[in-house]
Every structure is written in C-alpha cells, then in structure tokens.
Amino acid sequence: MLLLPKFDYEEPKSMREALAMLSELKENAKVIAGGTDLLVNMKKGTVKPTRLVSLKKIGGLREIAREDAGLSIGSHATISEIADSALVASLFPVLARSASCLGSPLIRNRATIGGNIVTARPAADLPPALMVLGAEVQLKGKGKGRTVSLDSFFTGPGSSVMKAGEVLTKISIPPVPSFTGGDYIKLGHRAALEIAIVAVASRLTLDRPDGVIVDARIVLSSVAPTAVHAPLAEKALTGQRPSEELFARAASIAATECSPITDMRGGANYRCDMVGILTRRTLLKAFHDALGMKEGGA
Ligand SMILES: Cc1cc2nc3c(=O)[nH]c(=O)nc-3n(C[C@H](O)[C@H](O)[C@H](O)COP(=O)(O)OP(=O)(O)OC[C@H]3O[C@@H](n4cnc5c(N)ncnc54)[C@H](O)[C@@H]3O)c2cc1C
C-alpha cells in the first residue's frame with residue numbers, strides 16, 4: 001500500500017495569508033483543494049510538496065453567481081455543486097453535462113473546478129466545455145492579479161501559465177448570445193470512474209432560427225497534449241447554413257486537427273475516427289439546442 005509522505009498542513013483564513021504561505025516555500029508548497037489528484041500524485045511520489053495550503057476556510061471561493069449576465073464560479077466549488085446547480089443548467093447546460101461526466105458521485109463531491117483546471121490533464125472533463133464557453137480564470141499572486149483566457153492557459157500535459165505561489169480564485173463565463181446551443185460528449189470504456197478516451201465540446205450560434213452559423217466552437221480533448229480547438233472545422237462552419245452534410249464535413253476536418261497518442265485506452269487512429277463521430281453528434285445537438293433557445297438568451 002502506498003502511504004502519504006510527511007507534510008505540513010495549513011488552513012489560512014484569508015487569501016493574503018494563503019499567498020504569503022505559498023510564496024514562502026515556492027515550489028515546495030502547494031494548494032490543496034479536494035485532494036483527488038494531489039494526494040494520489042503525492043502517494044505515487046510524482047509531486048513532493050512539504051506544505052499543503054488548504055483554501056477551505058477562505059470565504060467566497062465556493063460561490064456560483066450571476067456576473068454581468070454571465071456567471072462567476074469560485075475555484076473551490078465542487079464538481080457536484082456545478083453539476084447540480086440550477087443556474088449552471090439553465091445558463092450553460094454544456095458545463096453541467098461535462099461536470100456530471102467526471103469520475104463518480106464520491107469524487108464529484110470532493111473534486112473542485114479549480115483543481116480540474118490547474119491539474120491540466122489532457123483528458124480533464126471541464127476545460128473543453130469551459131473553452132467553448134469562452135471562460136477566463138482569475139489568478140492571484142503576491143503582486144497584481146491577472147485574468148487569463150482558458151484558451152491560452154494550458155501549455156502541455158500537467159502544465160499551464162500559472163506561476164509558483166499563484167492561486168486560481170475564480171472562473172468567469174461571459175453571457176451566451178441568442179440562438180446558441182452546445183454539447184459535450186465523453187467516450188470511455190465505462191459510464192463512470194473513467195478518464196476520457198476522446199471527448200468533444202461544441203457550441204454553435206445562429207443569427208436567427210432559420211439563418212446561418214455566426215459563431216462555431218469545437219474543442220477536442222484527450223487527443224493532444226492539451227484540450228485544443230479545431231480551428232479549420234470551426235472556420236468551415238462559420239457563415240454557413242446548418243445541415244447534416246455541413247456537420248459531417250466539419251467533423252471530418254476536425255478529425256485531422258488532433259494529434260493523439262496510442263495507449264492502453266485507445267489507438268491513435270481510433271481516437272481520430274472518434275473525434276469525427278463525436279464532433280458530428282455534438283454539432284447536431286448544439287444546433288437543435290440553438291433552435292430551441294429564445295431570443296435574448298436562455
Ligand atoms: C478515482 C478518480 C476518478 C477521476 N475521474 C476523473 C474524470 O472522470 N474526469 C476528470 O477530469 N478528472 C478525474 N479525476 C481527477 C480529479 O478528480 C479532478 O481533476 C479534480 O477536479 C481535481 O480537483 P481537486 O479539487 O481534487 O484538486 P486537488 O487534487 O486538490 O489539486 C490538483 C492540483 O491543482 C492545484 N490546485 C487546486 N486548486 C487550486 C487553486 N484554486 N489554485 C491553485 N492551484 C490549485 C493543486 O495544488 C494540485 O496541484 C479522477 C480522480 C480520481 C482519484
């Protein structure tokens with residue numbers, strides 16, 4: 001049995017105190033949120049922090065609230081809270097769907113949205129949905145805070161633009177235009193407790209119910225070092241009248257815009273084929289949802 005190594009555990013009551021604790025030890029101190037990634041990695045010995053700084057006593061980090069007609073989610077909100085939130089379901093069903101795909105009820109009750117982003121796994125469930133929604137994250141360090149678009153946050157498997165000592169405090173999602181729909185589909189060997197073999201999130205915005213696509217977003221997951229957009233497929237959709245043929249054409253383009261590895265969960269060619277299939281399905285669902293959305297937003 002793998003045991004946890006020794007470490008100091010701190011529960012600061014303010015962000016200022018937390019940032020001071022983190023900056024003091026630099027790489028040797030880490031934030032702990034739900035611990036569902038961090039503690040596993042510490043047991044395996046792949047990370048060796050000597051101090052864990054919990055954010056759970058700091059107020060306001062768990063709030064899910066309206067913000068400028070969009071939504072703000074505190075980084076400590078759990079995946080269950082997001083999956084079960086009526087506000088998330090009504091404003092951004094694609095995010096609720098991706099949250100409900102993560103792990104199992106036990107894991108979702110502990111795991112946080114901040115942890116799912118910062119861990120920067122290529123197969124993490126929330127980033128693709130957050131990326132098609134145009135989400136930004138707020139980072140706080142000892143100096144000035146900064147806001148980073150999730151599109152430019154990830155730099156590789158397990159790495160991001162975050163610096164040692166920084167804390168992700170909040171995720172902001174802008175409002176969705178009228179006639180917009182989205183979908184997220186995760187392919188795994190099992191329905192629960194499964195890391196994605198391939199996952200795709202798509203979002204379409206029409207100018208009017210019988211009109212053309214004015215904005216198309218497709219994010220592919222688990223088929224590249226980070227979640228990635230499929231820019232050529234997005235371009236092929238924009239300005240076009242929606243049809244099954246158009247979605248099939250965009251899906252075949254998306255299948256060329258990934259660079260998967262072969263591992264025990266799936267071969268590279270199989271993953272590319274599945275990108276095509278999931279992209280077509282998510283586009284169809286996004287289109288139907290866009291038609292069902294009222295003018296002025298959901
Ligand atoms: C059995 C099992 C099944 C799983 N299934 C899935 C799955 O299906 N899909 C999926 O995407 N993931 C899955 N995971 C991985 C994990 O549960 C998620 O990535 C989870 O969201 C991590 O969140 P956490 O709060 O537990 O993060 P933690 O483990 O606490 O932290 C993860 C990393 O992020 C850092 N961190 C956390 N919060 C912050 C913050 N606010 N600011 C700065 N740094 C921070 C920590 O220092 C650490 O480096 C699974 C894990 C297990 C054990």
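Residues numbered from 1 in each chain as written. Predicted model: local features only at pLDDT ≥ 70, side-chain atom pairs only at ≥ 80, totals over all residues.

A. Just the overall build of the protein, in detail. From N to C terminus, the protein includes 11 helices and 14 strands. Taken over the C-alpha trace, the protein has a radius of gyration of 19 Å; the compact-globule value for 298 residues is 19 Å, and the two agree within 12%. Taken over the C-alpha atoms alone, the protein extends approximately 60 × 45 × 30 Å along its principal axes. The contacts of the protein with a sequence gap of at least 6 include a subset with a gap of at least 24, amounting to 65%. (Helix = DSSP H or I, 4+ residues; strand = E, 2+ residues; numbered from the N terminus. Rg over C-alpha atoms; globule rule 2.2 N^0.38 Å. Contact = placed C-beta atoms within 7 Å.)

B. Inspection of the domain arrangement of the protein at higher detail. In terms of domains, the protein is made up of domain 1 (8-54), domain 2 (64-173) and domain 3 (180-292). For domain 1 versus domain 3, the distance between C-alpha centres works out to 36 Å. (Domains from an automatic or database assignment.)

C. How the structure looks around the site of the ligand. Taken together, 30 residues surround the ligand, and among them Ala-33, Gly-34, Gly-114, Gly-115 and Asn-116 come closest. The set of elements that each furnish at least two residues to the shell around the ligand consists of strand S2 (29-32), helix H2 (38-44), helix H6 (105-110), helix H7 (113-118) and strand S10 (167-173). A breakdown of the residues in the shell around the ligand according to their chemical character gives 15 nonpolar, 10 polar and 5 charged. (Near = placed C-beta within 6 Å. Nonpolar A, V, L, I, M, F, W, Y, C, P; charged D, E, K, R; others polar.)

D. View of unusual backbone geometry. Of note in this structure, Ala-69 is not a glycine but carries a positive phi near 70°. By secondary structure assignment, the location of Ala-69 is in the loop between strand S4 (64-67) and strand S5 (70-74). Located in the positive-phi region is Ser-222, a residue other than glycine, with phi close to 75°. Within the fold, Ser-222 resides in the loop between strand S13 (213-221) and strand S14 (228-229).

E. Structural context of the nonpolar core. Residues Leu-95, Leu-220 and Val-275 are the most contacted members of the largest nonpolar core, which totals 84 residues. Those residues in contact with Val-275, other than ones at most four positions away along the chain, are Val-198, Val-200, Leu-220, Val-223, Ala-254, Ala-255 and Cys-258. (Core = buried A, V, L, I, M, F, W, Y, C linked by C-beta atoms within 7 Å. Buried ≥ 20, exposed ≤ 12 C-beta atoms within 10 Å, placed from the backbone.)

F. View of the sheet that holds strand S7 (residues 146-149). Read across the open sheet, the 5 strands follow the order S4-S5-S10-S6-S7; overall the sheet is antiparallel. The sheet is open, and its two borders are formed by S4 and S7, each paired with just one other strand. Here the average twist between neighbouring strands, direction ignored, is 25°. (Pairing = 2+ DSSP bridges. Axes fitted to C-alpha atoms, helices over the stretch in contact; angles between N-to-C directions.)

G. Spotlight on the packing of helix H10 (residues 244-254) against helix H11 (residues 268-292). Remark: H10 packs on H11, axes separated minimally by 8 Å, with the N-to-C direction vectors making an angle of 140°. By the angle between their axes, H10 is oblique relative to H11. Judged by the sense of rotation from one axis to the other, the crossing of H10 with H11 is right-handed. Here Phe-247, Ala-248, Ala-250, Ala-251, Ser-252 and Ala-254 of H10 come into contact with H11, specifically with Val-275, Gly-276, Thr-279, Arg-280, Leu-283 and Leu-284. (Parallel < 35°, antiparallel > 145°, perpendicular 65-115°, else oblique. Left-handed = near helix turned anticlockwise from the far one by under 90°.)

H. Summary view of the environment of Asp-207. As for its position among the elements, Asp-207 is in the loop between strand S12 (198-206) and S13. Of the residues examined, Asp-207 has 14 C-beta atoms within 10 Å and is grouped as partly exposed. Put simply, Asp-207 and Phe-179 are 28 residues apart on the chain and 7.0 Å apart in space, counted from C-alpha to C-alpha. Apart from the residues within four sequence positions on either side, Asp-207 is in contact with Val-212 and Val-214.

I. Structural view of the sheet that holds S2. With respect to topology, 3 strands assemble into an open sheet ordered S1-S3-S2, the strand pairing being parallel. Pairing within the sheet leaves two strands with one partner each, and these edge strands are strand S1 (8-10) and S2. Direction aside, the axes of adjacent strands within the sheet are offset by 25° on average. Here S1 runs beside strand S3 (residues 51-54); their pairing, made up of 3 bridges, is parallel. Of the residues in S3, the one forming a bridge with Asp-8 is Arg-51.

J. Structural detail: the pairing of S4. Where S4 meets S5, 4 bridges bridge the pair, whose relative direction is antiparallel. In the strand pairing of S5, Glu-67 is matched with Gly-70.

K. Representation of H11. A rise of 1.5 Å per residue sets the reference length of H11, with its 25 residues, at 36 Å; its end C-alpha atoms lie 36 Å apart and thus fit the reference within 8%. By the burial criterion, the buried members of H11 are Arg-271, Met-274, Val-275, Gly-276, Leu-278, Thr-279, Arg-280, Thr-282, Leu-283, Ala-286, Phe-287 and Ala-290. (Expected span 1.5 Å × (residues − 1).)

L. How the structure looks around the pairing of S10. Counting buried positions along S10 yields 5 of 7 residues, so the element is predominantly enclosed. With 4 bridges joining them, S5 and S10 adopt antiparallel strand pairing. Bridging across to S10, Leu-71 finds its partner in Ile-173. Pairing between strand S6 (residues 136-140) and S10: 5 bridges, direction antiparallel. Note on S10: the bridge partner recorded for Lys-140 is Val-167.

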